[in-house]
Amino acid sequence: MDPETALLAQSAGVTLVTLMATDAWHRTRDGIVQLWRRMQPHRTEAVAAELEATREDALAAGEADDQETLSELHLEWQGRFRRLLAAQPGAAEELRRLLDELEPQGATGPAITQHASASGQARIYQAGRDQHNMER
C-alpha cells in the first residue's frame, strides 16, 4: 500500500473514533455505513454493528481517560480502512471527501498520531510540523 493511502487509513481511523464522542456521531456513522454499502455491500451490516460496539467502547474509554483503549480502537479502524482501500482503491477519493466533510469546524489540519520506539543508542525525532535539529 502506498504511503498516501496508508496515511488516509490512519487519519480515517483516528477521526472516526474521535467523532464517536461528539454531536457529529450520527452523521459520521451514516457516512461510513454508506461508504461500505457502495464499496462492499456484503459487509454493510457487520460494519454498522462494529461501529456501534466501538462507540460503546470509545465512550467508556473516554470517561475513564483510558488512552490505551482509544489508541487500540484507532488502530482497529485504521486496519479496517486499510483493508477496504486495498480491496477497493476507488474508495480513497470518497473517504477523503467524507473526512473533509466531517472535519470539525476550526480545525487547523489533520489529526496527527505518532508512534516510535528506539533501542540502544538510537534517536527519534518527531514533529507535527516544522522541526529544526542543530546537533553537533
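See above for the structure.
1. Thoughts on the overall build of the protein
Part 1: Per the secondary structure count, the protein includes five helices and zero strands.
Part 2: The 136 residues of the protein split such that 34% are buried.
Part 3: Nonlocal contacts in the protein, meaning residues at least 24 apart in sequence, comprise 65% of its contacts between residues at least 6 apart.
Part 4: As displayed, the protein has an accessible area near 9,000 Å², and 48% of this comes from carbon and sulfur atoms.

2. Some details on unusual backbone geometry
Part 1: Residues other than glycine seldom take positive phi values, yet D65 does so here, at roughly 55°.
Part 2: A residue is classified by how much of its surface remains accessible, and D65, at 56% relative accessible area, is exposed.

3. Topic: the pattern of salt bridges
Part 1: Enumeration over the complete set of coordinates arrives at nine salt bridges.
Part 2: Among the salt bridges present, the one from E50 reaches R80, with a minimum N-O distance of 3.0 Å. In this pair, E50 is assigned in helix α3 (residues 44–63) and R80 in helix α4 (residues 67–87), connecting sequence segments 30 residues apart.
Part 3: As a salt-bridge pair, R97 and E93 come within 4.0 Å of each other at their nearest N and O atoms. Taken as a pair, R97 and E93 lie in helix α5 (residues 91–102) at a separation of four residues, close to a single helical turn.
Part 4: On the accessibility criterion, E93 (43% relative accessible area) is partly exposed.
Part 5: Connected via shared salt-bridge partners are E4, E93, R96 and R97.

4. As for empty space enclosed by the protein
Part 1: One pass over the full model with this rule turns up one cavity of 30 Å³ or more.
Part 2: If you add up the space inside the largest cavity, you get close to 30 Å³.
Part 3: Considering the residues around the largest cavity, the lining is formed by A12, T15, L16, L19, T28, I32, F81, L99 and L102.
Part 4: Contributing elements (two or more residues each) for the lining of the largest cavity: α1 (3–19), α2 (25–39) and α5.
Part 5: Top contributing element to the lining of the largest cavity by residue count: α1, with four residues.
Part 6: Taken together, the residues of the lining of the largest cavity break down into seven nonpolar, two polar and no charged.

5. Here's the deal with the packing of α1 against α5
Part 1: Where α1 contacts α5, the two axes come as close as 11 Å, and the packing angle between them is 40°. The orientation of α1 relative to α5 falls into the category oblique. Seen from above, α1 lies across α5 with left-handed handedness. Together, E4, L8, S11, A12, T15 and L19 of α1 and A92, L95, R96, L99 and L102 of α5 make up the contact between the two elements.
Part 2: Across the contact of α1 with α5, the residue classes tally to seven nonpolar, two polar and two charged.

6. Examining α2
Part 1: Given a rise of 1.5 Å per residue, 15 residues ought to cover 21 Å, and the 21 Å separating the end C-alpha atoms of α2 matches this to within 8%.
Part 2: Within the span of α2, buried status applies to W25, T28, G31, I32, V33, L35, W36 and M39.
Part 3: Elements that come into contact with the buried residues of α2 comprise α1, α3, α4 and α5.

Parameters and conventions
- Each chain has its residues counted from 1, following the order in which its sequence is written.
- Only residues with pLDDT of at least 70 are given local features in this predicted model, and only at 80 or more are side-chain atom pairs given and counted; all residues enter the totals for whole chains, interfaces and linings.
- Excluded from the side-chain calculation are hydrogens and water; included are all heavy atoms of the structure.
- By the criteria applied, helices consist of DSSP H or I runs no shorter than four residues and strands consist of E runs no shorter than two, each listed in order from the N terminus.
- Relative accessibility under 20% of the residue-type maximum defines a buried residue, over 50% an exposed one, and the middle range a partly exposed one, all with a 1.4 Å probe and only protein chains included.
- Contacts are assigned to residue pairs with any non-hydrogen atoms lying within 4.5 Å of each other.
- Areas reported as accessible are Shrake-Rupley estimates using a 1.4 Å probe. Residue values count occlusion only from the protein chains shown.
- Each salt bridge in this description consists of a side-chain nitrogen of Lys or Arg and a carboxyl oxygen of Asp or Glu lying within 4 Å of one another.
- Here a cavity denotes grid points, spaced 1 Å and computed from the protein atoms alone, that fit a 1.4 Å probe unable to get out, and a pocket denotes an open set having protein on both sides within 12 Å along at least 5 of 7 lines; residues with an atom within 4 Å of a point are the lining.
- Grid points are joined across faces, edges and corners, and a volume is the space filled by probe spheres set on the points.
- Basically, the charged four are Asp, Glu, Lys and Arg, the nonpolar ten are Ala, Val, Leu, Ile, Met, Phe, Trp, Tyr, Cys and Pro, and anything else, Gly included, counts as polar.
- Axis definition: a line fit to C-alpha positions, over the contact stretch in the case of helices; interaxial angles, taken between N-to-C directions, run 0 to 180 degrees.
- Any angle that falls under 35 degrees is termed roughly parallel, while one over 145 is termed roughly antiparallel, one within 65 to 115 roughly perpendicular, and all others oblique.
- By the definition used in this description, the sense in which the near helix is turned from the far one sets the handedness, with an anticlockwise turn below a right angle giving left-handed and a clockwise turn giving right-handed.
- Helices are assigned an expected span. That span is 1.5 Å times one less than the residue count.

That's the geometry; what it means functionally is another story.
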